[in-house]
Amino acid sequence: MSEASAVRVIGLWASPFVIRVLIALKLKGVEYEFVEEVVGKKSELLLRSNPVHKKIPVLLHHGKPISESLVIVQYVDEAWSSAAPAILPADPYTRAIHRFWAQYIDDKLPPAIRTLKGTDDGDEEQAAGQLSAALQLVEAAFVELSQGKSYFGGDAVGYLDIALVSHVGWVKAVEKIAGVALLDEAKVPNLAAWAGRLCAHAAVADAIPDADKLVEFSVKYGSFSKPINSGAK
Ligand SMILES: N[C@@H](CCC(=O)N[C@@H](CS)C(=O)NCC(=O)O)C(=O)O
């Protein structure tokens, strides 16, 4: 079996959760085959591979499926542990703190983003306020955790960087859609600089979609939750 077919990712380029997996594999130098889902139609492979949630991403390693983006990132770190660099921090306490913030990011950012791009009902002003408040808390966490270095874990891109940067494309897209400033130098200067640095990183640059492309995607499909949802289950 070739190295590419040993690792397959079922996904869609616009999905922030899929982006995480691609960055983790790139960091580890793992070749993979990207199996693109069609918007509005869940493939048999997806339904068979993630029968519980029926969501992307799914990583197939020698045919065995792993679901949930943060679980997959940890799996990639462990399965290719000898490939530098480590993605999760080595210290158990630091690891727990990074996991805490990754969970916080997934709890707070996607719901507000969905409201701002019109996928979910809700008050846009309130959603923008909630997203901005969440980014400010994450900014404070960045200052504390990075200790003056480039990334959350220090000098190298790690777990929490991956968890957050995967949402950056959509944050920039909803800034355009809703006409609000969120990842803004005036509001979150450290995160704005971090995002600029990280989006230019070799393992990240190609994975983060252009905000204008995401706006187009949003206009075309409204959401990729709803169309994918409406497909066969
Ligand atoms: N918690 C999941 C979220 C995955 C997720 O929401 N994926 C979306 C695409 S961005 C999806 O597959 N939506 C289809 C659906 O909701 O049925 C993860 O981290 O992997």
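Model, not experiment: these values are computed from the prediction. (Residues numbered from 1 in each chain as written. Predicted model: local features only at pLDDT ≥ 70, side-chain atom pairs only at ≥ 80, totals over all residues. Heavy atoms only, no water.)

In this structure, Ile-23, Leu-25, Leu-59, Leu-191 and Trp-194 are the most contacted members of the largest nonpolar core, which totals 74 residues. Mapped onto the domain boundaries, this core takes at least three residues apiece from domain 1 (3-79) and domain 2 (92-220). When sequence neighbours within four positions are dropped, the list of residues in contact with Trp-194 reads Phe-142, Ser-150, Tyr-151, Phe-152, Asp-161, Leu-164, Val-165 and Val-168. (Core = buried A, V, L, I, M, F, W, Y, C linked by side-chain atoms within 4.5 Å. Buried < 20%, exposed > 50% of the residue type's maximum accessible area, 1.4 Å probe, protein only. Domains from an automatic or database assignment. Contact = heavy atoms within 4.5 Å.)

Moving on, we come to the environment of Val-76. By the secondary structure assignment, Val-76 is in helix α4 (residues 69-79). Residues Val-76 and Glu-33, spaced 43 residues apart in sequence, show a C-alpha to C-alpha distance of 15 Å. Contact partners of Val-76, with chain neighbours within four places excluded, come to Ala-24, Leu-25, Lys-28 and Leu-59. (Helix = DSSP H or I, 4+ residues; strand = E, 2+ residues; numbered from the N terminus.)

Attention now goes to the side chain of Ser-49. Of note, Ser-49 is situated in helix α3 (residues 44-49). A polar contact of 2.5 Å, which involves the side chain of Ser-49, links it to the backbone oxygen of Leu-45. Each residue touching Ser-49, except ones within four places of it in the same chain, is listed here: Ile-10, Val-58, Leu-60, Pro-65 and Ser-67. (Polar contact = N/O pair within 3.5 Å; in protein donor to acceptor, adjacent residues only side chain to side chain.)

So, on to the packing of helix α6 (residues 124-146) against helix α9 (residues 189-199). As a packed pair, α6 and α9 sit with axes 8 Å apart at the nearest point and diverge in direction by 75 degrees. Judged on the interaxial angle alone, α9 and α6 are roughly perpendicular. Every residue of α9 that contacts α6 at Leu-135, Val-138, Glu-139, Phe-142 and Val-143 is listed here: Pro-189, Asn-190, Leu-191, Trp-194 and Arg-197. Here the residues of the contact of α6 with α9 sort into 7 nonpolar, 1 polar and 2 charged. (Axes fitted to C-alpha atoms, helices over the stretch in contact; angles between N-to-C directions. Parallel < 35°, antiparallel > 145°, perpendicular 65-115°, else oblique. Nonpolar A, V, L, I, M, F, W, Y, C, P; charged D, E, K, R; others polar.)

Here the UniProt-annotated "domain: GST C-terminal" (unreviewed entry) positions come out as residues 91-222. Across residues 91-222, helical content stands at 67% and strand content at 0%; the span's end C-alpha atoms are separated by 42 Å. (UniProt positions renumbered as here; feature names shortened; annotations may be inferred.)

Let's shift gears to the packing of aromatic side chains. Enumeration over the complete set of coordinates arrives at 7 aromatic pairs. Ring centres of Tyr-75 and Trp-80 lie 6.4 Å apart, and the angle between their planes is 90 degrees; on these two criteria the pair is classed as edge-to-face. What makes Trp-80 buried here is its relative accessible area of 15%. Ring-pair connections join several aromatic residues into one group, and the members of that group are Trp-13, Phe-217 and Tyr-221. When the ring centre of Trp-170 is taken as reference, the NZ or CZ atom of Lys-117 above it lies at 4.5 Å. Stacked on the ring of Trp-13, the Lys or Arg Lys-213 has its end atom at 4.2 Å from the ring centre. (Phe/Tyr/Trp six-rings, centres within 6.5 Å; stacked < 30°, edge-to-face > 60°. Lys NZ or Arg CZ within 6 Å of the ring centre and 35° of its normal.)

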